[in-house]
Structures are given as C-alpha cells and as structure tokens.
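Residues per chain, in single letters:
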Amino acid sequence: MALRGKKLPTPSAAALSNRLTGMLRYTRVQLAFKAALAVAIAWSVAPLVPGVASQYPYYAPLGALVCMYPTVAGSVRAGLQTLAGLLIGIGLALIALLFGGPTVWTIALIVGLGVLLAGIPRLGAGRDYLPVAALFVLVLGGDDADGYSYGYAVQMGVGVLIGLAVNAVVFPPLHLNGAVDGLAALRLNLARQLREMGTAVGESWPPEHEDWSSRRTELISFSREVREAVQLADSGRQGNLRRRRHQRDLSADFRALRAMERVTLYVEDMTEVLATAIWRTPEETPVSHEVAGSLERAMLATAEAVETWDDQTDEYSEAVAAVQDLVRQVNSSASPDSPVDAPASLAMSLRRVLRTVRTEDDQP
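Computed from a predicted model, the values in this text were never measured in an experiment. (Residues numbered from 1 in each chain as written. Predicted model: local features only at pLDDT ≥ 70, side-chain atom pairs only at ≥ 80, totals over all residues. Heavy atoms only, no water.)

(A) Geometry of the overall build of the protein. In terms of regular secondary structure, the protein is built from twelve helices and zero strands. Relative to its 364 residues, the protein shows a buried fraction of 48%. Pairs at least 24 residues apart make up 81% of the contacts formed inside the protein by residues separated by at least 6 positions. Counting every atom, the protein has about 17,600 Å² of accessible surface; 58% of that belongs to carbon and sulfur. (Helix = DSSP H or I, 4+ residues; strand = E, 2+ residues; numbered from the N terminus. Buried < 20%, exposed > 50% of the residue type's maximum accessible area, 1.4 Å probe, protein only. Contact = heavy atoms within 4.5 Å. Areas by Shrake-Rupley, 256 points an atom, 1.4 Å probe, with all protein chains shown as cover.)

As structure tokens, then:
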C-alpha cells in the first residue's frame, strides 16, 4: 500500500466526503464541456453523411450525448448498449409493419413488447431506447419506414462514434486523486476514532469526550464513498490514453480498501460496545479501573498502528504488546462477580484490527 509509514494531518470524514464530492463536480464540469463539444461536432458532421441518413441529422447529436460518461470505458459500454437497444427496437417496429400500417393495437403491442425486452440486464443504457426506437419508427416512419430506420440508426451511430472519440481524446480523467485521498482519509479517520475512544476510556466516567460515540455511521458511509472512488479510478483507466503516463497499482488499492472496510466494521462494533458499556448498561457490562488502564493503552497503540498501517514499524509492535497485556488483564480479572464481557469484546476486536493490518501487508 503506497500510504504506509506516512503520518498526515487527519481531516474529518465529512471534510473528505466534501472533497470527493468536489472532485466529482469538477468531473461533471469536464463532462459537460465534452458533451457540448461532441454535440456540436455531431451536428456539423450529420448533414455530410451520404444517402437518406442526411435527412435525419438531429439524431447524430443525440447519439453523441447518450454515450457521455465520466469514464472512457463507461462511454464505450453505454454507446454499444444504446445502439443494441436501438437496433432491437427498430427491428420490432419493422416486423410489425410487415403486417400493415401502425394502429392503436400495433403501437400498444410493440411498445409493450419493447418494454419487456428492455428488462434484459445486458442492455444496460440501451433499455431506455428500445421501446422509444420502436415507437418512433411506427409513428414517425410514415411511408418510408425503412429509410427512416436506416437514417435513425446511422446518425445515432455517427453520434456515438463522435462522442466516444471526444471522450477518449479530450481530458480523459483517471480519477486517481479521489482513490488516493479517499484511502488515506479512511485510514486516518479510523485511527482517530480509535484514539478518541481510548482517550474517553481514560477519563472519569461518564466521559465528557463523547463525539466518537455518534460517528459510527459516518465511518461506514465514508467507507462506501471511498469504495466508489476506487472503483471509479479502476473504471477510469480502462481505454484511457493517459494510463501509461500515470501508473498506479489499483489492485493494491483494492486490497487495502477491503482491509480497511474490515477494520471499519471492527471499529463500528467497538464503538457500539464501548458506548453501551459507558452510557446504557454500565452495571451489566462494567469496565474495572485496572482493565480501563490497559484498554486505554491498547486502543491508543492500535490507533498508531492503524495510522502507519505497517506491521514492520515500532508502532505495530507496541500495539501487539499492548493488546496482549489487555488480554492478560481481562483474563486475570474475570470472575462470576466481575464480568468482563465488554473489555473482552473490545480486546478481540483490537486483535482483529491488528491481524487485518498484517494480513493486508502480506498480500502479494
């Protein structure tokens, strides 16, 4: 993982979420510019298409527009799916016209059948255009349905090709910054959560320091946003001309992401357990003063290990020793009169966190 060993300022999950949103907005501005450019080119080229297709130039800009996606691979997929849905819809309409002109029953039947076929999962973006294409051919084709269908399909194809070319050549984004920043932020926020819980354990109970207790769902939501950012980066490099100049091992990023998602679940569970022990059922799940000291040290040490995210550092070794000391303290203090359910659960989660860091580090 490229971020190991680096200690960075810890931004809040909300701040990083806003930053990722800002990147997506910037990408949207780029996409809007490219869509406008592609539509303008398609409208200029459409009248030059030979044959009857030149009579339907307005479908070329539509074709350029429908394949505009934030990634090159997404544009290719959307363009091909749209053309597939279009051709199926045109085929349905032409078959219907073999049995006579359009009627109320014919239009209803073909559109209904088109909507059914649009449920084919592989059609993707083309599902919306299948019944529309069938309806257009039936209603607008008139006496020259064959010519209209040909012009419709050709001009859409021209527009899709222009849209793909523009998206592949003009500012093809790789979205790597969102993945890098998201992974770093998730790691640092997990460390901060552990650190603040450890600090709360060392305070007089109930502690005044309780912001951490309401941050459980925030971490889960942010981990989902980070996954979306990494997936977008992975999709963005497919078919991207800039990928050779901006090399990054996204398979390592996915391994790190999966590890951090596991740690997020462990930290979420720890947050719930500790909050319950402090505020909800302190009598049923007590944490003795002796165990609290070991628990505080283990949490703070594990926070340092998560922040560096490397099992070769002193921080990791110190965290392992602190968690082992906590386990010994929990085992020695357990008795029928002194239940240790909460500390035992927290100790197990801390061991899982450290095991996850080591497991991710050992990945090839």
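We are not done yet, so read on.
(B) Representation of the packing of helix H3 (residues 72-97) against helix H6 (residues 145-169) within the structure. With their axes 10 Å apart at the nearest point, H3 and H6 run at an angle of 180° to one another. With respect to their mutual orientation, H3 and H6 come out roughly antiparallel. On H6, the residues touching Val72, Ser75, Val76, Gly79, Thr82, Leu83, Leu86, Leu87, Ile90, Leu94 and Leu97 of H3 are Ala145, Asp146, Ser149, Tyr152, Ala153, Met156, Gly157, Val160, Leu164, Asn167 and Ala168. Classifying every residue of the contact of H3 with H6 gives 15 nonpolar, six polar and one charged. (Axes fitted to C-alpha atoms, helices over the stretch in contact; angles between N-to-C directions. Parallel < 35°, antiparallel > 145°, perpendicular 65-115°, else oblique. Nonpolar A, V, L, I, M, F, W, Y, C, P; charged D, E, K, R; others polar.)

(C) View of the environment of Trp309. Locating Trp309 in the fold gives a position in the loop between helix H10 (289-308) and helix H11 (314-333). By relative accessible area, which is 0% here, Trp309 ends up buried.

(D) Structural context of the pattern of salt bridges. In total, this model carries four salt bridges according to the counting rule given. With a closest N to O distance of 2.6 Å, Arg227 and Glu261 form a salt bridge. Residue Arg227 is found in helix H8 (residues 216-237), and its partner Glu261 is found in helix H9 (residues 250-280); the two are separated by 34 residues along the sequence. Taking the relative accessible area as the measure of exposure, Arg227 reaches 24% and is therefore partly exposed. For Asp325, the salt bridge goes to Arg297, with nearest N and O atoms at 4.0 Å. Highlighted residues: Asp325 in helix H11 and Arg297 in helix H10, separated in sequence by 28 residues. When salt bridges with common partners are traced through the structure, they connect Arg195, Glu304 and Glu307 into a single cluster. (Salt bridge = Lys/Arg side-chain N within 4 Å of Asp/Glu carboxyl O.)

(E) Up close: the side chain of Thr308. By secondary structure assignment, the location of Thr308 is in helix H10. Looking at Thr308, its side chain comes within polar contact range of the main-chain oxygen of Ala305, at 3.2 Å. (Polar contact = N/O pair within 3.5 Å; in protein donor to acceptor, adjacent residues only side chain to side chain.)

(F) Representation of the environment of Ser214 in the model. Note on placement: Ser214 falls in the loop between helix H7 (176-201) and H8. Residues Ser214 and Thr271, spaced 57 residues apart in sequence, show a C-alpha to C-alpha distance of 8.6 Å.

(G) Quick peek at the packing of helix H4 (residues 104-117) against helix H5 (residues 129-140). Where H4 meets H5, the closest approach of the two axes is 8 Å, and the angle between their N-to-C directions is 160°. When the interaxial angle is binned, H4 and H5 end up roughly antiparallel. When you trace H4 past H5, the crossing you get is right-handed. Residues Thr106, Ile107, Ile110, Val111, Gly114, Val115 and Leu117 of H4 pack against Leu130, Pro131, Ala134, Leu135, Leu138 and Val139 of H5. (Left-handed = near helix turned anticlockwise from the far one by under 90°.)

(H) Main features of the nonpolar core. If you look at the biggest cluster of nonpolar residues, it comprises 53 residues, and the most contacted ones within it are Met299 and Leu350. A per-element tally of this core places H9 first, with twelve residues. (Core = buried A, V, L, I, M, F, W, Y, C linked by side-chain atoms within 4.5 Å.)

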